[in-house]
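Fold and geometry: a report
The lines below spell out each chain.
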Amino acid sequence: MFFAKNKKPLALMLTLALSATVLLSGCGAKQQQQAAGATQVKAMKVLQQDAPVSSEYAGQVVGRDEVKVQSKVSGKIVEKYFHGGDHVEAGQPLYRLDSRQYESAVLQAQANLAQSQATLSNAQTDLYRDQSLLAADAISEQTVTTQQANVNAYSAATAANEALVQKAQQDLDDTVVYAPMSGQVSVDDVAVGTFATAGNTNLVTIGTIDPVFVQFSISEAEYLKFRNIQSMQSGSGDALDVTVKLSDGSTYPMDGRIVQADRALAQNTGTLTVKALFPNPNGLLLPGMFARVKLTGETIPNAILVPQRAVQQLLDKTFVMVVGADGKSESRSIELGQQIGSYYIVKSGLSANDTVVVEGLSSLTEGKDLAVTMVTPEEMGFSFDEDTTPFDTMTSSEANSGDSNS
């Protein structure tokens, strides 16, 4: 009886409950569908901090001191005391030339000197005798004067012969060629048996390898930028950090310092030649090697920095995707400054409060709903030295987002 009387209210309650269940189920499905439609991206806050600015130039390693060794006398090389590539010390003998003709010249000069000395001695004896006779009025004064002139002439001849002996001895000594400085000899040394012409034949080249110069050129505008370079050389003012990167991409482990700058710009190129001195204890830097010179010293205070991977370019437009206040992607045009490692300095278009998309850009357009994962520069491998992550490489999350958008 009870169920018969309450049949209509019970049916009404069941109908309302079923309607509510269907309505709630429909709302949940719609929310899941919206969440599934959001683009998965990684983003990070724009950096604002003091940024060290660096400049890079093409350079070449040159020896600090380099000497082409030549003989002072001519002759055939009869001995060599080193091998190409050896390290030699200053004063170490390198070559010996055939010395026979120079030994003969020394003997001849010594004989001539002995003869002139004997002649001078006889003339001096005669002068002493004539002076005694003049005192006794036995000879005229003219005779004594003539004899005095003879003594002076023989004395001059003796001095000349002494000089010839000295010159002959020097030539004999110069048949042994010594190293003028300490350093490493090149492999362009001449062989035994070669005839060396005095002051003309290059026997070998010696150069220092520690330290060495790295020479590069800067433009007039860059010189004005670093116009305090002269004070940097003298140690006053803010010093520039000088590093080099070698042709294999590795960075030389020791820093250098600017020590020389040319006095004028080259007329044909309009550039200024600068030399930086680098320690080279292990001999890694060899003269002739090419290197990229990096100067760091200037700092831009409170610079706005954005990762390179966040920057996109289309024709003449440079822009980044930022996370809008509504959680949607927003294209923002920016003006870029200098590149610093993994970052660009942004002159205009962004503030420190903006969040930029750094991963997931392959199919991202403006106005898309975003599912944002916040990351740090360390997680992405960003630094002021070099971006250690692959550039323009689609990750699995990007691929998945691209599949979902398609």
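Refer to the structure presented above.
None of the values given here were measured: they were computed from a predicted structure.

**Considering the sheet that holds strand β4 (residues 75-80)**
- Taking strand neighbours across the sheet as the criterion, the four strands line up as β7-β6-β4-β9 in an open arrangement whose pairing is antiparallel. Looking along the sheet, the strands with just one partner apiece sit at the ends: β7 (176-178) and β9 (195-196).
- Sheet topology places strand β6 (residues 93-97) next to β7; three bridges connect them, and they run antiparallel. Paired with R96 across the bridge in β7 is V176.

**A few points about the sheet that holds strand β3 (residues 66-70)**
- The strand order across the open sheet built from four strands is β3-β10-β8-β5, with neighbouring strands paired in antiparallel fashion. Bordering the open sheet on either side are β3 and β5 (87-88), each of which pairs with just one other strand.
- With five bridges joining them, β3 and strand β10 (residues 202-207) adopt antiparallel strand pairing. In the sheet register, K68 faces β10, and the bridge partner there is T205.

**Describing the packing of helix α3 (residues 100-135) against helix α4 (residues 141-173)**
- It is at 8 Å that the axes of α3 and α4 come closest, and there the two elements cross at 160°. It follows that α3 is roughly antiparallel to α4 by the angle criterion. The handedness of the crossing between α3 and α4 is left-handed.

**Some points on α4**
- For α4, spanning 33 residues, the distance from its first C-alpha to its last is 48 Å, which sits close to the expected 48 Å at 1.5 Å a residue.
- Taken together, the buried positions of α4 are occupied by V144, Q147, V151, T158, N161, V165, A168, D171 and L172.
- Buried residues along α4 sit against α3.

Rules used in this analysis
Residues numbered from 1 in each chain as written. Predicted model: local features only at pLDDT ≥ 70, side-chain atom pairs only at ≥ 80, totals over all residues. Heavy atoms only, no water. Pairing = 2+ DSSP bridges. Helix = DSSP H or I, 4+ residues; strand = E, 2+ residues; numbered from the N terminus. Axes fitted to C-alpha atoms, helices over the stretch in contact; angles between N-to-C directions. Parallel < 35°, antiparallel > 145°, perpendicular 65-115°, else oblique. Left-handed = near helix turned anticlockwise from the far one by under 90°. Expected span 1.5 Å × (residues − 1). Buried < 20%, exposed > 50% of the residue type's maximum accessible area, 1.4 Å probe, protein only. Contact = heavy atoms within 4.5 Å.

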